[in-house]
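# Report on the structure
Chain residues, written in single-letter form:
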Amino acid sequence: MAREQSITLTVNGREYTRTVTVRTSLADFLRDHLHLTGTHTGCEHGVCGACTVSLNGRSARSCLTLAVQADGGDVVTIEGLRDDEGEWSPVQKAFFENFAVQCGFCTPGFLITAIELLRGNPDPSEEEIREYLSGNICRCSGYQAIIKAVQAAAAAARGQE
Amino acid sequence: MSGLRFVNEKAVGTSVLPDEARPLLDGEARFLNDIAFPGMYHVAFLRSQHAHALLRGVDTSRAKAHPGVIKVLTGRDLHGKVEPFRSMPNRFSGGQSVQDWLAVEKVRFVGEAICAVVAEDRATAEDAIELIEVDYEPLTPVTNPRDGEKDDAPRIHDTCVNNYLIKREYERGDVDAAFASAHLTVRRGFRIGRKQALCLEGRGCVAAFRRDGFELSMWMSHQLPYVVRHYLARHLGMAENQVRVVAPQTGGGFGQKASIYPEEFVCAWLARLLRRPVKWVEDRLENMVASTHAREQDIELELAVDAQGHILALRSNIWVDVGAYSTYLWSAGMEPLQTGGLMPGPYKVPALRYLTRGVATNKTPVGPYRAVGRPSASASLELLLDETAHRLGIDPVEIRRRNLIDQDEMPYRNANNLVHDNVGYVPCLQMALSKAGYDQLRAAQGQAPAGKLRGIGVACFAELTGLGTSTPVGPGTLLQPGRDAVTLRLETTGTLTIAAALPSQGQRIATAMRQVAADELGISMDDISCLTNDTGMAPYGFGTFASRTAVFGSGAVIQAAAEMRRRILALAAFLLDEPVENLTISSSVVHTLDRGKTLSLRDMAEHSFFSAKDIPQDLNQGFEVTSFYDPKHGSFAAGAHVVVVDVDPDTGAVEIVRYVAAEDVGRLINPAVVEGQIIGGIAQGVGEALLEELVYDEQGQPRTVTLADYLVPSALEVPNIELHHANTPSGALGGFKGCGEGSIIGALGGIACAVADALRQRGGDIHDFPASPERVLRGLGVALDDAG
Ligand code: FES
Ligand code: FES
């Protein structure tokens, strides 16, 4: 029988305590145990970035992170991006308005990564955006609409919509 | 009749924001892997480690005994109980391939499914796979088509002489005479590696069986739900009306999810056997070997021209490595036949000959992937045109101008028997050149950054979209998916539902159809919803592939809307006591032209259903209309791409420094969506031209099975794309054309020509793609050796 462990962590502002096998990835934990299926797995070997979540304020590949490693941690997933009033974050809004979503399978990872970028760098250049997002694969969009969306979100956050 | 007959043109032509995207931004969309049922079992597959081997024994005893394992299924268990996949007959078939759902006597590629394990959870199923012991007797593999067609090559299928799954020789016009009398003949080789569509979401299914309603319900990440339904019923021996197929939210398709594969059919069989829902979700490592590959072509082509560079004849010799089986439904003819037949592209070719073959090898089967066959057809000819222009001492643009089919020559029947009409090849080229500032680019070509070789590539392409019943999707195939239907239903609350079996993998088909319906009917877009993915609700349709969906969906909406509008106005005329001619519909309200009398669709629909007593029956036929649309022929889309690259002669690295595209995709429904399709296609073309290649060793072992080995472009490799429209409306209803595939054709040609142009400055050249750093260096090195 696979070894099990009890973990307690905060996900999207809510605390959960669950028992998991130690080999369970954070991605599977979020999806199968908490039914937060907005986080996607596109490779399960750390390359595509679709599974990216925020763990203790930093983006993390939830396919390569074990659930037990997130014990005591604070996780934000795509389901937790709306603000307290239930409004989309500027990045979600900009992705919608700039047609940055096609099949949408990559979208959760891009949203989390883009929000992290803008938190550290409110006015990134196109080069900086491309560089920061280069660990996330989108097979549909050719990235152009995503980059435009990040630029628009940055502008909106700086109050110059 | 021209299609330009919209009632109140508002929505079509506008970048309407797609409501379909909202759940994707909230993490609430339901993809296949997000579907779960109580008591659902999980399936994993044991796959062949060998490229070519006899199966001497499969010992499943330890797996069966593993706790949590419900069932272990082998090929022998299924043998005789289900109908295997026999390759579709094709006029140009070589032998036939027969693919068991689970291998019985022989495995023919690494990754072929041998056993299925059903367990209580996925991890247990995967653990049990490791406990199965297979006794293989290895056979000599075939790993390339030139060896595979030799008389003494091992035979992969008993009936396939020289391993030909397909072979066709075509000739039209006097090719030999043209070559004999030509001013110049130029010959070139072109090779393109094996590709993968690499949908970010792999394949998968949930199959559920119960004697209540539909016996078999399948949720499947797939582009063609009705086609799957037909074949599920046929292969499982079920009544088709007992099968429902739903394509949930799908994470990319690109053709890879348009074929029929064994795994989903095994799951359907297991669900029926076990009377429990079963789920299988492909992981990436499986996807790299078990979902169809694409391309892998080896082409020799030769052009005969007169002194001005006018094409007199084109001949080619094509080998396609089509893998171990003829891909079910589409056949192994996809790549070989389309590459040969569509090579002339947008150019006047008076005489054409090709000999094309699909040779079986011990690799994953090759199936459809965005723009099947055409990228290599186009790029090989574009490179040959550049070389010809170089030999004639004229600019590459000039030779294209002299050979493109011009507007005033249309309709034009080319030597491949295709008729070009309502398409602007020359306008696209002119737009791309002027937007790029081509003359200045050429003039400044020598001023590349220090140490870099600058190359400029110009590629023109034709892309046949929205094929009707008169134009088969591939020559010689039985499949003629030339029609599709929509049902329009005015609900009793006055809202409109559009139902069609045209699933979207991000193309926003529902938004497009809503836009068209809004304009045709005068119903507000907010009052229109659209279901595109469920055979339980939609009328028959072939589904989404071959740049057809917007054309068919919109055409069928236009037809059905005409009848719906007639019924609405007839009833409203009675209720309002006004002549029909005096009425119109806007913003979901029927009103007299002077707006003196009004009747909301809501009131009318409610009245007609709930209190119909006073309405004459002939005016109350119900507000549900189904219409099939068949555009008969296809519509050519077109484009011209201008690409500027800098090549580093020390490292072989290629950087795209400028990318300008001009496209003719007909009348636009939603410009921002169209641009997303075109730019996304170019990005895949960047991968195709520079990065992506599935590599096998001589034993038939795949060497690229992770995303760390198979390199798809990231935001750093895809340049900013300057996209311009040079649209000519098509002859289809609405003037629409397909836009999903063309741009990947232009991208391969444009980038390939730019790289070759850069190398030519040092006397180099390149024939093998993707243009990896090694190949670029070799392209320079060989030339240096020759020069020495
Ligand atoms: S699924 Fe985690 S990086 Fe791809
Ligand atoms: S939208 Fe499909 S992978 Fe990004």
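Conventions adopted
- Residues numbered from 1 in each chain as written.
- Chains lettered and ligands numbered in written order.
- Predicted model: local features only at pLDDT ≥ 70, side-chain atom pairs only at ≥ 80, totals over all residues.
- Heavy atoms only, no water.
- Pairing = 2+ DSSP bridges.
- Helix = DSSP H or I, 4+ residues; strand = E, 2+ residues; numbered from the N terminus.
- Contact = heavy atoms within 4.5 Å.
- Buried area = accessible area lost by both parts, 1.4 Å probe.
- Salt bridge = Lys/Arg side-chain N within 4 Å of Asp/Glu carboxyl O.
- Polar contact = N/O pair within 3.5 Å; in protein donor to acceptor, adjacent residues only side chain to side chain.
- Nonpolar A, V, L, I, M, F, W, Y, C, P; charged D, E, K, R; others polar.
- Buried < 20%, exposed > 50% of the residue type's maximum accessible area, 1.4 Å probe, protein only.
- Domains from an automatic or database assignment.

## A word on the sheet that holds strand E6 (residues 106-107) of chain B
Residue and element names in this part refer to chain B. Across the sheet, 3 strands lie side by side as E6-E2-E8; this open sheet has antiparallel pairing. This sheet does not close on itself; its edge strands, each paired only once, are E6 and strand E8 (133-138). Across 2 bridges, strand E2 (residues 53-59) lies against E6 in antiparallel orientation. Note that in E6 the partner of Ala53 across the bridge is Val107.

## What about the pairing of E2 of chain B?
Bridge count for E2 of chain B against E8 of chain B is 6 bridges, and the pairing is antiparallel. Looking at E8 of chain B, one finds that Ala53 of chain B is bridged to Pro138 of chain B.

## Focus on the interface of chain A and chain B
Facing 40 residues of chain A, the contacting portion of chain B comprises 55 residues. For the pairing of chain A and chain B, the buried interface totals around 3900 Å² over both sides, and the portion due to carbon and sulfur atoms is 59%. Together, Phe96, Phe99 and Arg139 of chain A form the three largest contributors to the area buried by chain A at its contact with chain B, with a combined 23%. Taken together, the connections running from chain A to chain B amount to 5 salt bridges. With a closest N to O distance of 2.8 Å, Glu692 of chain B and Arg139 of chain A form a salt bridge. Our count for the contact surface shared by chain A and chain B stands at 21 residue pairs in polar contact (both at pLDDT 80 or more). It is helix H2 (residues 90-97) of chain A that contributes the most residues to the side of chain A that touches chain B, 4 residues altogether. When the residues that make up the side of chain A that touches chain B are grouped by side-chain class, the tally is 17 nonpolar, 13 polar and 10 charged.

## Details of the pattern of salt bridges
Residue and element names in this part refer to chain B. Taken as a whole, this structure holds 64 salt bridges over all chains when the rule is applied. Glu264 is paired through a salt bridge with Arg203; the nearest N and O atoms lie 2.8 Å apart. Here Arg203 lies in the loop between strand E10 (184-196) and strand E11 (204-209) and Glu264 lies in helix H8 (residues 262-274), a separation of 61 residues in the sequence. Taking the relative accessible area as the measure of exposure, Glu264 reaches 1% and is therefore buried. Through salt bridges with shared partners, one network takes in Arg146, Glu171, Asp176, Arg187, Asp298, Glu300, Glu302, Arg315 and Arg353.

## Considerations on the domain arrangement of chain B
Put simply, an interface is often sized by how much accessible area is lost when its parts join up. All names here are of chain B. The domain architecture assigned to chain B consists of domain 1 (4-30 + 483-629), domain 2 (32-139 + 203-250 + 257-290) and domain 3 (293-470 + 632-779). Distance between the C-alpha centres of domain 1 and domain 3: 39 Å. Listed per partner, the contact involves 29 residues of domain 1 and 24 residues of domain 3. The contact between domain 1 and domain 3 buries some 1900 Å² in all, and 65% of this surface belongs to carbon and sulfur atoms. Between domain 1 and domain 3 we count 0 salt bridges in total. Remark: the boundary between domain 1 and domain 3 carries 9 residue pairs in polar contact (both at pLDDT 80 or more). Taken together, the elements giving at least two residues each to the side of domain 1 that touches domain 3 come down to helix H15 (509-521) and helix H16 (549-576). In terms of residue count, the dominant contributor to the side of domain 1 that touches domain 3 is H16 (7 residues). Of the residues contributing to the side of domain 1 that touches domain 3, the split by class is 14 nonpolar, 11 polar and 4 charged.

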